[in-house]
Amino acid sequence: MHPAPSVIIFTVLSGLGFGLLFFLCAGVVRPFGLDAFLVWGFAYALAIIGLAASTFHLGQPMRAWRAFTQWRTSWLSREAWASVASLLMSAPLALAAIFGGALPVFFEMVAAAMCLLTIFATSMIYTQIAAVPRWNFWTTPALFIVFALTGGAILSGLTFLSLILCGTLAAVLWVSFKLGDGRFAARGATMGSATGLGGLGAVRQFAPAHTGSNYLLREMIHVVGRKHSQRLRVLSILCAAVLPALVFLVLPLGIGAIAIALCLHVIGAFAARWLFFAEAEHVVGLYYGQR
Amino acid sequence: MTQLPAKTEKKLGLVIDLDTCVGCHACVTACKGWNTANYGAPLSDQDAYGADPSGTFLNRVHSYEVQPEAAPAQIINFPRSCLHCEDAPCVTVCPTGASYKRSEDGIVLVNEDACIGCGLCAWACPYGARELDQAAGVMKKCTLCVDRIYNDNLPEEDREPACVRTCPTNARHFGDLGDPDSAVSKLVKERGGFDLMPELGTRPVNKYLPPRPKDKPAEVSVLAPLLDIETKGFAGWLDRLLEKL
């Protein structure tokens, strides 16, 4: 799949933003006054910049409001609802933290759950695609949720939780790479089944349907740049999980340590998300003799 | 709505005969022509006369080589377009309701006025049947020529999809695959029509007919060139003479 910058920025930043909002809503960290304004503001900025980036992927961005209509079947529509609901429910909690005041714990928990639900809905946009076997697997929601929680914990300066989540993230990343490699074969789609000719004998492409490029080749059959995937896998696990954990272990907790850990984590997150798209193979490639 | 209808009254679709398709691409051209001049956003081309031409097509013809174990290799031309699946994954993923399956005849269509061009339906389709038009920014797909098949302004023989109407070898057939007595259903039964990628669970309406087995060439020993063939008559005399020289 084509690793479009708009969807990579969307999933990384909104994941990070809703991950931080989750810890803020749940009251795991409780900044007050100016601190609260900066921290809640940062979470909102990440989430909103991410959501705005997703509209750059659209052919008709002015009609984006229509994406709210099909929540009964479409995960993209559910994601739209969940993200708006999370941002709206977080608002009174943010105001209470900045100006003083308190809301019932029940409300805090519902708002926090809504943030998690948003991240889950984002992951399901990709997980539901059976034609991309690597995505169509439990590792996709696991990866999105653990990424968001790890980023949120680092931003919240929660040392112990960050260490546990960094360890979990490294494991989930490794498992998603390893199991992901076997997913296409496990789906069972081959050039033989795609053309229905496999029963006759070995099928190979004789002549392509067109000599120029097209939307399918650009969007679904992106093979450029996979040659560095092994190095990027190591880089993503190191930067997203291992190094931030080391920073928290070595440096004294403070704005400096959080900033360094966050920068490393975000670099790793972008590398991992680039791989998430670039390594995903769509079954339509079988018609073109490519994956 | 992007909810799939529980049942459609008809299952209109195509039956494509891989035995008779000669790969002339007339269906590709007829489709592009009709769907550019008629319903919906035209099928645009980018850099059509330049170094890197590309464009939107709703039908593409691939060519494959099949090598059976004990028979000569075969070339098979393979038209690929929307299969109007009964469990169409492109419909349910649509966030706006632009993508829908009609309950009356099962045709999968896009309401171009509601499409936001997110491309998710094209991702969901295993068959590459949908292409996002780069000029219009909306998703394009086979409409089964919905503006031809019900069009009373056309002569009756033209009320079928443009690809079917134009096919010079009658490799494409159009009809109701939900009616077991229809000509297309009988054809599928007779010739053993099959689904593409059944393992994806999309239950395509369109069916493909397999190529018929080809004749085998007369059995000739693979050692023929090495056999010592005895020559007779004039050739034999010449053979002996030349050897003596």
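Residues numbered from 1 in each chain as written. Chains lettered and ligands numbered in written order. Predicted model: local features only at pLDDT ≥ 70, side-chain atom pairs only at ≥ 80, totals over all residues. Heavy atoms only, no water.

Across the contact, 58 residues belong to chain A and 57 residues belong to chain B. Sorting the residues of chain A by area buried against chain B places Gln 70, Tyr 215 and Tyr 287 of chain A first, and these three jointly supply 15% of that buried surface. There are one salt bridge connecting chain A and chain B. A salt bridge links Glu 65 of chain B to Arg 204 of chain A; its shortest N-O distance comes to 2.9 Å. (Contact = heavy atoms within 4.5 Å. Buried area = accessible area lost by both parts, 1.4 Å probe. Salt bridge = Lys/Arg side-chain N within 4 Å of Asp/Glu carboxyl O.)

It is worth spelling out the sheet that holds strand β11 (residues 207-209) of chain B at this point. Backbone-to-backbone hydrogen bonds join strands into a sheet, with any given pair of strands oriented parallel or antiparallel. Residues and elements named next belong to chain B. Pairing is mixed in the open sheet, where three strands are placed in the order β10-β1-β11. This sheet does not close on itself; its edge strands, each paired only once, are β10 (172-176) and β11. On average, each strand axis in the sheet is inclined to that of its neighbour by 25 degrees, with strand direction left out of account. As defined by bridge partners, strand β1 (residues 12-17) adjoins β11 across three bridges and the pair is classed as parallel. Bridging across to β11, Asp 17 finds its partner in Leu 209. (Pairing = 2+ DSSP bridges. Helix = DSSP H or I, 4+ residues; strand = E, 2+ residues; numbered from the N terminus. Axes fitted to C-alpha atoms, helices over the stretch in contact; angles between N-to-C directions.)

Okay, the pattern of salt bridges next. Once their charged atoms are close, side chains differing in charge can pair, the charge on each being opposite to the other. Taken as a whole, this structure holds 17 salt bridges over all chains when the rule is applied. Between Glu 131 of chain B and Arg 60 of chain B there is a salt bridge, and its shortest N-O distance comes to 2.9 Å. In this pair, Glu 131 of chain B sits in strand β8 (residues 131-132) while Arg 60 of chain B sits in strand β4 (residues 59-67), placing the two residues 71 residues apart along the sequence. Neither Glu 131 of chain B nor Arg 60 of chain B differs from the other in exposure class; each is buried. Between Arg 102 of chain B and Glu 104 of chain B there is a salt bridge, with its nearest N and O atoms 3.7 Å apart. Since its relative accessible area comes to 16%, Arg 102 of chain B is described here as buried. The network of salt bridges with common partners includes Arg 134, Asp 181, Arg 233 and Glu 279 of chain A. (Buried < 20%, exposed > 50% of the residue type's maximum accessible area, 1.4 Å probe, protein only.)

With that settled, consider helix α6 (residues 183-191) of chain B. Three or four residues apart is the spacing at which side chains of an α-helix point the same way, because the helix has 3.6 residues per turn. All names here are of chain B. All buried positions along α6 are accounted for by Val 184, Ser 185, Val 188 and Arg 191. When α6 is viewed along its axis, its buried side chains cluster within an angular range of 150 degrees and face the same direction. Looking at α6, the residues exposed on the side facing more than 90 degrees away from the buried face are Ala 183, Lys 189 and Glu 190. Turning to α6, the residues buried within the fold contact β1, β10 and β11. Residue Gly 192 follows α6 closely and has a positive phi angle near 70 degrees. (Arc of directions from axis to C-beta.)

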